[in-house]
Amino acid sequence: MDILKTDFIRDFIKTTDDGYKQGWHERNGGNLSYRMKESDVEAVREHFTGDRPWMDIGTRVPDLAGEYFVITGTGKYFRNVVLHPEANIGIIEINAAGDKYKVRWGLKDGGRPTSELPTHLMNHEVKKKAANGAHRVIYHCHPANIIALTFVLPLSDKVFTRELWEMMPECPVVFPEGIGVVEWMVPGSREIAVVSSDLMKKYNAVIWAHHGLFCSGEDFDTAFGLAHTIEKAAEILVKVLSIRPDKLQTITSENLRELSKAFRLDLPEEFLYDK
Ligand code: 2HA
Ligand code: ZN
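Here's what I pulled together on the structure shown here. Just so you know, these numbers come straight off a predicted model, no measurement behind them.

## Points about the site of ligand 1
- Neighbouring ligand 1 are Asn-28, Gly-29, Gly-30, Asn-31, Glu-116, His-140, His-142 and His-211.
- The contact in question runs from an oxygen atom of ligand 1 to an N or O atom on the side chain of Glu-116, over 2.5 Å.
- Interatomic distance of 3.0 Å between a side-chain N/O atom of His-211 and an oxygen atom of ligand 1.
- Coverage of ligand 1 by the protein chains reaches 85% of its 220 Å² of free accessible surface.
- For the shell around ligand 1, the per-class residue count stands at no nonpolar, seven polar and one charged.

Now the structure itself:
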């Protein structure tokens, strides 16, 4: 089967293009990964190469041993994925010990997976367990409004969750578990991967201060839609704070409790504090 005609590769490419068009992927910014189903692997196995060497992941993900991922390449531009998929994305296999990967397709001419490979794989490992294997997509982008807010709001899960929830009722419906925040750390490091994946046990979205956003989802639509919802709320909040720093009225904790009941959201009490 033509690998570029499979649904999972088409959806992968569409997501990179959608993100680029949102303005979230300047130059080589952002990265995307998809944990393949067995049926995906079997559908395209005939195109796999055995020529590429095993390389260190930079961390250990034993629960992902033997799994295959579609992933964007380091230094590659989201803008170019739709134009030259084989040069800008690839399929990697994880070894039995969970500490090495091998490129099996794509990433032509010696390309390598994203510099954020440790965070992607550690997030996948957490989500595979937490969501009973349902989550398959991890998406990292650089949306301007959410990044801007990390300069003016306290870097706490409680503050970001509550401020974004207040911007539109869609927010508590789309991310009722809240949103995690990581203070500034060196990108690409094992340390930021450890902190982020720990937050992914509780949340589906994690903000990296002064850098960007990571989202997890069952499929491309839910992961991308989560980022889109969060960035829309952040844009509204930036506008509100720019017009006047003190809101005249808002969605209150009481309103959120009503919403929680009506939509059976089970919103955690920790985010329903009085302000
Ligand atoms: O350049 O977004 O976090 C890719 C990135 C690194
Ligand atoms: Zn980034």
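Text resumes after the structure shown.
## Some remarks on the coordination of the zinc ion (ligand 2)
- On the protein side, the zinc ion (ligand 2) has His-140 (NE2), His-142 (NE2) and His-211 (NE2) as donor atoms, found 2.0 to 2.1 Å from it.
- The motif formed by the donor residues of the zinc ion (ligand 2), counted along the single chain, is H-x1-H-x68-H. The exposure classification of His-140 matches that of His-142, with both residues buried.

## What about the pattern of salt bridges?
- Following the criterion strictly, the structure yields 20 salt bridges and no others.
- With a shortest N-O distance of 2.8 Å, Lys-275 and Glu-163 are connected by a salt bridge. Taken together, the positions of Lys-275 in the segment after α11 (253-262) and Glu-163 in helix α7 (residues 157-165) put the pair 112 residues apart, joining distant regions of the chain.
- Ionic pairing is found between Arg-257 and Glu-254, a salt bridge with its closest N-O pair at 3.7 Å. Residue Arg-257 and its partner Glu-254 are located together in helix α11, separated by three residues, close to a single helical turn.
- Of the residues examined, Arg-257 reaches a relative accessible area of 28% and is grouped as partly exposed.
- Each of Arg-162, Glu-163, Glu-166, Lys-247 and Lys-275 takes part in one network of salt bridges that share partners.

## Quick notes on α11
- Of all the positions in α11, only Ser-253, Leu-256, Leu-259 and Ser-260 are classed as buried. Each buried residue of α11 sits inside an arc of 115 degrees when the element is viewed along its axis, so together they form one side. Exposed and oriented more than 90 degrees from the buried face of α11 are Lys-261 and Ala-262.
- Contacts made by the buried residues of α11 are with α7 and α8 (170-174).

## Quick look at helix α10 (residues 220-243)
- Here α10 spans 35 Å end to end across 24 residues, near enough to the 34 Å set by a 1.5 Å rise per residue.
- The set of residues buried in α10 consists of Phe-220, Ala-223, Phe-224, Leu-226, Ala-227, Thr-229, Ile-230, Glu-231, Ala-233, Ala-234 and Leu-237.
- For α10, the N-terminal cap is Asp-219; the gap from its side-chain oxygen to the backbone nitrogen of Asp-221 is 3.4 Å.

Conventions and cut-offs
Residues numbered from 1 in each chain as written. Chains lettered and ligands numbered in written order. Predicted model: local features only at pLDDT ≥ 70, side-chain atom pairs only at ≥ 80, totals over all residues. Heavy atoms only, no water. Near = heavy atom within 4 Å. Polar contact = N/O pair within 3.5 Å; in protein donor to acceptor, adjacent residues only side chain to side chain. Areas by Shrake-Rupley, 256 points an atom, 1.4 Å probe, with all protein chains shown as cover. Nonpolar A, V, L, I, M, F, W, Y, C, P; charged D, E, K, R; others polar. Donors = N, O, S within 2.8 Å, 3.2 Å for Na, K, Ca; no water. Buried < 20%, exposed > 50% of the residue type's maximum accessible area, 1.4 Å probe, protein only. Salt bridge = Lys/Arg side-chain N within 4 Å of Asp/Glu carboxyl O. Helix = DSSP H or I, 4+ residues; strand = E, 2+ residues; numbered from the N terminus. Arc of directions from axis to C-beta. Contact = heavy atoms within 4.5 Å. Expected span 1.5 Å × (residues − 1).

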